[in-house]
Amino acid sequence: MRISPEEAIALLKSAENVALPTETVYGLAASLHYAKAIENIFALKGRPSSNPLIIHVASAALIHHYLADVPPDFQSLADAFWPGPLTLVLPIDPEKVPTSVRSGLPTAGFRVPDHPLTLDVLKSVGPIVMPSANLSGRPSSTNPDHVEKDFGSSFPVLDGGSCLKGLESTILYYQGERWVILRLGTISQDEFEALLGYRPAIIKKSSDEEPLCPGQLFRHYSPEAELILDPEGILDSPVIIGFLERNYPEGKKVIFLGSLQDPSGVAENLYGLLRQLDQVGISKAWIDMDFPRTGLWQTIAERLQRAAS
Ligand code: TXA
Ligand code: MG
């Protein structure tokens, strides 16, 4: 059910949940001030309580209140990338951030999203926690129809159109002496290097004992359809997901991710396309993984690998 910004604000202030648009993906929102609404997010999504939520704020200045410590380059990262698709995991004062939001960790993720409607809602409601607005394990929602598919047609959604980036924010964490990447997103390592003077390392997998980014331990982004990434698999798959520039064997149904010249367009389409497979009842598809592994392509490859696993 589509709602206005005023309705979204009123619902959030009455401890209800709504879906809000961001430039990355739609978020399933609760005001940071209502424990009941926060708990309900985990129930609605079927999300394990060990997977923490990102706190969204209208501006970087509002974050200091929650922090135990401010890591070096916090302000330069905020100035360069906010509002935008960056989440910073920061050490917090445990008195100020509810345990449920951070799954008991001594840190919390913060982000200033870049969407005019949601920035207005944040200014009125205050800090809002939002995971991606999808059932746990499924591809994220990049338009209001996706949200309604997962949570029902009467679930309140603030319609902000299709998400321009289409993939979740990059998550950075200050570890030891440097920032590291906990989750790849649409900001490249090169862009961080230009600002920080070094290339933040990508933390591939955190362990169960020390979950640096708990979400990375769970199944993610997966449609019902079986996805085949092995180049040989093209022969047995009736459906091919590929690129406009390529010629594929005849007799197969080809679904296009977009152009090899336009990784942003591919990122924007990705989750919609994965969702579409289930909509039209495709049970198996081969994906053309023959594309570069630099910049945004690296993130696209990572999401597809996780979606297929
Ligand atoms: O683009 C985005 O980040 C979207 C939009 C709605 O803002 N949100 C999003 O939230 O992707 P979610 O919950 O789907 O993914 C958040 C990820 C999870 O993998 C979670 O484990 C990690 O952030 N995370 C949250 N708080 C953390 C913390 N304190 N330490 C480490 N990882 C954290
Ligand atoms: Mg998610």
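Residues numbered from 1 in each chain as written. Chains lettered and ligands numbered in written order. Predicted model: local features only at pLDDT ≥ 70, side-chain atom pairs only at ≥ 80, totals over all residues. Heavy atoms only, no water.

A. Structural detail: the overall build of the protein. Each helix and strand counted, the protein has nine helices and 14 strands in total. Rg of the C-alpha trace for the protein: 19 Å, near the compact-globule value of 19 Å for 309 residues, within the 12% margin. Oriented by its inertia axes, the alpha-carbon framework of the protein measures out at about 60 × 50 × 35 Å. Counting across all 309 residues of the protein, residues that qualify as buried make up 56%. For the protein, long-range pairs separated by at least 24 residues make up 64% of all intrachain contacts whose partners lie at least 6 apart in sequence. Surface accessibility of the protein: about 13200 Å² in total, with carbon and sulfur atoms responsible for 51%. In the protein, the 26 positive side-chain charges and the 37 negative ones have mean positions that sit 3 Å from each other. (Helix = DSSP H or I, 4+ residues; strand = E, 2+ residues; numbered from the N terminus. Rg over C-alpha atoms; globule rule 2.2 N^0.38 Å. Buried < 20%, exposed > 50% of the residue type's maximum accessible area, 1.4 Å probe, protein only. Contact = heavy atoms within 4.5 Å. Areas by Shrake-Rupley, 256 points an atom, 1.4 Å probe, with all protein chains shown as cover. Lys, Arg positive; Asp, Glu negative; His and termini not counted. Charge placed at Lys NZ, Arg CZ, Asp CG, Glu CD.)

B. Broad picture of the pairing of strand 14 (residues 284-287). Summarising the sheet, strand 11 (residues 226-228) and strand 14 pair through three bridges and their orientation is parallel. Bridged to Ile-228 within strand 14 is Trp-286. (Pairing = 2+ DSSP bridges.)

C. Main features of the site of ligand 1. Taken together, the neighbourhood of ligand 1 is formed by 27 residues, with Thr-24, Asn-51, His-56, Ser-169 and Gly-215 sitting nearest. A distance of 2.8 Å separates an oxygen atom of ligand 1 from a polar side-chain atom of Arg-47. Contacts to ligand 1 include Ser-132, whose side-chain N or O atom sits 2.9 Å from an oxygen atom. For ligand 1, whose accessible area on its own is 680 Å², the fraction buried by protein is 99%. Counting atoms within 2 Å of the grid points, the majority share of ligand 1 lands in the largest cavity. (Near = heavy atom within 4 Å. Polar contact = N/O pair within 3.5 Å; in protein donor to acceptor, adjacent residues only side chain to side chain. 1 Å grid on protein atoms, 1.4 Å probe; cavity = no way out; pocket = protein on both sides within 12 Å on 5 of 7 lines; lining within 4 Å. Sits in = over half its atoms within 2 Å of the grid points.)

D. View of the packing of aromatic side chains. Evaluation of the coordinates by the stated rule reveals nine aromatic pairs. Ring centres 6.0 Å apart and planes at 35° place the aromatic pair Tyr-66 and Phe-110 in the tilted group. Within this pair, whereas Tyr-66 is found in the loop between strand 4 (54-56) and helix 3 (74-81), its partner Phe-110 is found in strand 6 (residues 107-111), the two being separated by 44 residues in sequence. Ring centres 5.7 Å apart and planes at 70° place the aromatic pair Phe-243 and Phe-291 in the edge-to-face group. Taken as a pair, Phe-243 in strand 12 (residues 239-243) and Phe-291 in the loop between strand 14 and helix 9 (295-308) lie far apart in primary sequence, 48 residues in all. (Phe/Tyr/Trp six-rings, centres within 6.5 Å; stacked < 30°, edge-to-face > 60°.)

E. Structural context of the pattern of salt bridges. In total, this model carries 13 salt bridges according to the counting rule given. Ionic pairing is found between Glu-148 and Arg-2, a salt bridge with its closest N-O pair at 3.0 Å. Taken together, the positions of Glu-148 in helix 6 (residues 144-151) and Arg-2 in strand 1 (residues 2-3) put the pair 146 residues apart, joining distant regions of the chain. (Salt bridge = Lys/Arg side-chain N within 4 Å of Asp/Glu carboxyl O.)

F. Structural detail: helix 7 (residues 189-196). Taken together, the buried positions of helix 7 are occupied by Gln-189, Phe-192 and Leu-196. Looking down the long axis of helix 7, one finds its buried residues gathered within 65° of arc, a one-sided arrangement. If you follow the buried residues of helix 7, they end up packed against helix 3, strand 5 (86-91), strand 9 (170-175), strand 10 (178-183) and helix 9. Immediately downstream of helix 7, the backbone of Gly-197 shows phi near 85°, a positive value. (Arc of directions from axis to C-beta.)

G. Broad picture of helix 1 (residues 5-13). Within the sequence span of helix 1, burial applies to Ala-8, Ile-9 and Leu-12. Along the long axis of helix 1, the arc covered by the buried residues comes to 100°, so they all point the same way. Taken from the residues just after helix 1, Ala-15 is the one with a positive phi, measuring 65°.

H. A look at unusual backbone geometry. A cis amide bond links Trp-82 to the next residue, Pro-83, at an omega of -5°. Positive phi, normally seen in glycine, also occurs at Ala-15, with a value near 65°. Following the sequence through the fold, Ala-15 ends up in the loop between helix 1 and strand 2 (18-20). Judged by its relative accessible area of 12%, Ala-15 is buried.

I. View of the packing of helix 3 against helix 7. Taken N-terminus to C-terminus, the directions of helix 3 and helix 7 make an angle of 130°; their axes are 11 Å apart at the nearest point. For the element pair helix 3 / helix 7, the angle class is oblique. For helix 3 against helix 7, the interelement crossing comes out right-handed. The residues of helix 7 that touch helix 3, namely those facing Ser-76, Leu-77, Ala-80 and Phe-81, are Glu-191, Phe-192, Leu-195 and Leu-196. (Axes fitted to C-alpha atoms, helices over the stretch in contact; angles between N-to-C directions. Parallel < 35°, antiparallel > 145°, perpendicular 65-115°, else oblique. Left-handed = near helix turned anticlockwise from the far one by under 90°.)

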